[in-house]
Amino acid sequence: MTTRLTVAQALVRFLAAQYTERDGVRQRLISATWGIFGHGNVAGLGQALVEYADDMPYHQGRNEQSMVHAAVGYARQSNRLSTHAVTTSIGPGATNLVTGAALATVNRLPVLLLPGDIFATRVADPVLQQLEVPYAGDISVNDCLRPVSKYFDRVTRPEALIPAALQAMRVLTDPVETGAVTLALPQDVQAEAHDWPDEFFAERTWVVRRPGADPTELAEAVQAIRSARRPLLVAGGGVHHSRAEEALAEFASATGIPVASTQAGKGSLRHDHPQDVGGVGHTGTATANELARQADLVIGVGTRWTDFTTASGTLFAADGVRFLNLNIAPYDGHKLAGTPLVADARSALQELTGALQLHAHRVTGAYVDEYTLDKERWEQRVDACYEADEPDIRPTQPQVLGALDALVDESDVVINAAGSLPGDLHKLWRARSRDQYHLEYGYSCMGYEIPAAIGVKMAAPDRNVWALVGDGTYLMMPTEIVTAVQEGIAIKLLLIQNHGYASIGGLSETVGGERFATAYRYQSDDGTYTGAPLPVDLAANVASLGMRVLRAKTVRDLRAALEEARAADTPTCVYVETETADTVSGAPPAQAWWDVPVAETATRPSAVKARELYERHVSTRRRHL
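Keep in mind it's a predicted model, so treat the numbers as computed, not measured.

Analysis parameters
- Residues numbered from 1 in each chain as written.
- Predicted model: local features only at pLDDT ≥ 70, side-chain atom pairs only at ≥ 80, totals over all residues.
- Heavy atoms only, no water.
- Helix = DSSP H or I, 4+ residues; strand = E, 2+ residues; numbered from the N terminus.
- Rg over C-alpha atoms; globule rule 2.2 N^0.38 Å.
- Buried < 20%, exposed > 50% of the residue type's maximum accessible area, 1.4 Å probe, protein only.
- Contact = heavy atoms within 4.5 Å.
- Areas by Shrake-Rupley, 256 points an atom, 1.4 Å probe, with all protein chains shown as cover.
- Lys, Arg positive; Asp, Glu negative; His and termini not counted.
- Charge placed at Lys NZ, Arg CZ, Asp CG, Glu CD.
- Salt bridge = Lys/Arg side-chain N within 4 Å of Asp/Glu carboxyl O.
- Phe/Tyr/Trp six-rings, centres within 6.5 Å; stacked < 30°, edge-to-face > 60°.
- Lys NZ or Arg CZ within 6 Å of the ring centre and 35° of its normal.
- Expected span 1.5 Å × (residues − 1).
- Arc of directions from axis to C-beta.
- Pairing = 2+ DSSP bridges.
- Axes fitted to C-alpha atoms, helices over the stretch in contact; angles between N-to-C directions.

Focus: the overall build of the chain
- Within the chain, the regular secondary structure consists of 24 helices and 23 strands.
- For a compact globule of 625 residues, the expected C-alpha radius of gyration is about 25 Å, and the chain comes in at 25 Å, within 12% of that figure.
- For the chain, the spread of C-alpha atoms along the principal axes amounts to about 70 × 70 × 55 Å.
- Buried positions account for 59% of the 625 residues belonging to the chain.
- In the chain, 77% of the contacts between residues at least 6 apart in sequence involve partners at least 24 apart.
- For the chain, the exposed area adds up to about 24,500 Å²; of that, 52% sits on carbon and sulfur atoms.
- Within the chain, one finds 56 positive and 74 negative side-chain charges whose respective centroids are separated by 3 Å.

Dropping the structure here:
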């Protein structure tokens, strides 16, 4: 039996019938579609979404990049088991997807992209917004999405949709290969009718696997742990993707091995778990980084070992230090010349715990006492950063975080991606649940927070969802505030004004850039931006987009505003001004290095001094072989 439908109609019906299942729980794979319509998709996918509105919920976006961010936020909150599709027109609508696609693929989070494309039949050539390539007739701007997609196909014939759609679902549900998936859809093909086999529209369930450890690799891993005197476990985002938090807690409690976390892995253990020692790497805690420097075995679980985590190859400094990498991706399992344990994080942690308990293995009491005391000292530093002795003065950024920390419980979700906040949060935030700490730091994309908060709130409507945004990030992409207002999505926006790019300004100062062009100030006669702060009223801008705004001038105001915002059932912004961009945030400085190359030749003293310091750090880098 067949059914005659357009390609777009067939695709929407197909997507509505796709499910995932893991651990016996089944859910829709593509639970909704975001879209902005133009001539490249309005008559195809636009019509199909109207035709099948009961089967495929639709959300109206304001920017194509931010629609992808919303879908990614939804996918992360859904443990990668459910996501959204995003449809755009051709031309600029399609190329606006590229940044969002890169973010999804870098962070290994599934999202389905459905950009319109130029006529497959070439009857109208060139069409509006078509990029003409003299040496190739089969290239369009959508080819920009190839390097940032885990799977890409251009559906130039109706019958080609069937294998392309099935391959797209395979990649979206693959725990190793998932990321952005792009099906480019020529606008004429979208509207073309075809006789489709009814089997194409039958419900399909894609089982997300949990592979266990290879016995040989497991035995090697157990031996490595039993032989270590000062082991340290580094929890990455894969712990969350696998829902391995309980298995990790059992492993840590049974063995006494301390657990540090990457930005993506923070919250793998609650902040008050005895073995949790906080963030590791350039933005990490002194406790975790000192353990890292002295560790003889580093157990990476679900981490891809970015340069922030390894302090650009300078952090893990002990003679003879070895790595054990538990990762579902073989590529990551072999990094840093480590012993691979290629398996699902939860499955393998459970196997490791069982095997080590057979030997009654546990680290020494002296080691536990050492990191426990260091953790207590660090918590005292956090308390000092959060404390506000004078509640009627303007808060520092850590005091803003302290006010929020004092208010939330384990049900709140805190979202951030870029600026100076990730460093402060990684060092200071006390994660109370597995998914409270939502940092997109794989791509660190300014503009992610607000749309991602919308996606998270869609996935968890009963949770309080906070988007923490600096002024630089806010000005990049505030547009989805309109979407939150339109759809009544009660996100909380904490907007922090410090008059510039505070994070990059601080970095600029340390690398000899003298904070050039990092402040939001009037330009001076010498061409630098050192005049008075710009008279920009971001709170008024938020209000103009329809969101309720609570202004806070002091710590006391801030506490009251945050409490009011948390209780609100409509989209609400708390606006607070902190120190300016050319002053420090007040958080402890970096506890480990990060490699940002400094000018090798320069005449300005600041750059000369920065280069001398840079060369000293570079000399400590090592390759683990």
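Some points on the pattern of salt bridges
- The full count for this structure, using the stated rule, is 36 salt bridges.
- The residue D23 makes a salt bridge to R210 at a minimum N-O spacing of 2.9 Å. With D23 in the loop between β2 (18-22) and β3 (25-28) and R210 in the loop between β11 (204-207) and α8 (215-227), the pair connects residues that are 187 residues apart, well separated along the chain.
- Classification of R210 by relative accessible area gives buried; the value is 18%.
- Connected through shared salt-bridge partners, R243, E245, R434, D435 and R463 make up one network.

Thoughts on unusual backbone geometry
- Following D125, the chain continues into P126 via a peptide bond in cis, with omega recorded as 0°.
- Along the chain, P126 turns up in the loop between β7 (111-117) and β8 (151-154).
- Of note in the backbone geometry, W305 takes a positive phi value of approximately 55° without being a glycine.
- Relative to the elements of secondary structure, W305 occurs in the loop between β15 (297-301) and α12 (307-310).

Brief notes about the packing of aromatic side chains
- Applying the stated criterion across every chain, the model contains twelve aromatic pairs.
- With 5.8 Å between their ring centres and 85° between their planes, W305 and F316 make a pair best called edge-to-face. Taken as a pair, W305 in the loop between β15 and α12 and F316 in the loop between α12 and β16 (322-327) lie far apart in primary sequence, eleven residues in all.
- Of the residues examined, W305 reaches a relative accessible area of 9% and is grouped as buried.
- We classify F316 as buried; its relative accessible area is 1%.
- Ring centres of W305 and F323 lie 5.7 Å apart, and the angle between their planes is 80°; this geometry places the pair in the edge-to-face category. Of the two residues, W305 is situated in the loop between β15 and α12 and F323 in strand β16; the sequence distance between them amounts to 18 residues.
- Residue placement shows R26 over the ring face of Y19; its charged tip is 3.9 Å from the ring centre.
- The residue whose ring lies beneath K266 is Y437, and the NZ or CZ to ring-centre distance is 5.5 Å.

As for helix α23 (residues 555-567)
- The end-to-end C-alpha distance of α23, which contains 13 residues, comes to 19 Å, matching closely the 18 Å that a straight helix rising 1.5 Å per residue would cover.
- Buried residues along α23 sit against α16 (397-405), β20 (465-470), β21 (492-497), β22 (548-552) and β23 (572-577).

Remarks on helix α2 (residues 42-51)
- All buried positions along α2 are accounted for by G44, L45, G46, A48 and L49. The buried residues of α2 occupy an angular sector of 165° when the element is viewed end-on, so they sit on one face. More than 90 degrees from the buried face of α2, the exposed residues found are A43 and V50.

Section: the sheet that holds β23
- In spatial order, the strands read β19-β18-β20-β21-β23-β22; together these six strands make up an open sheet with parallel pairing. Bordering the open sheet on either side are β19 (437-439) and β22, each of which pairs with just one other strand. Taking the axes of each pair of neighbouring strands and ignoring which way they run, one obtains an average angle of 20° across the sheet.
- Pairing of strand β18 (residues 413-416) with β20 involves three bridges; the strand directions are parallel. Among the inter-strand pairings, V414 is bridged to a residue of β20, identified as W466.
- Each of β18, β20, β21 and β23 is contacted by α16, which is oriented at about 160° to β21, the strand it contacts most.
- Contacts between helix α18 (residues 449-459) and the sheet are confined to β18, β19, β20 and β21, with β20 contributing the most and set at about 175° to the helix.

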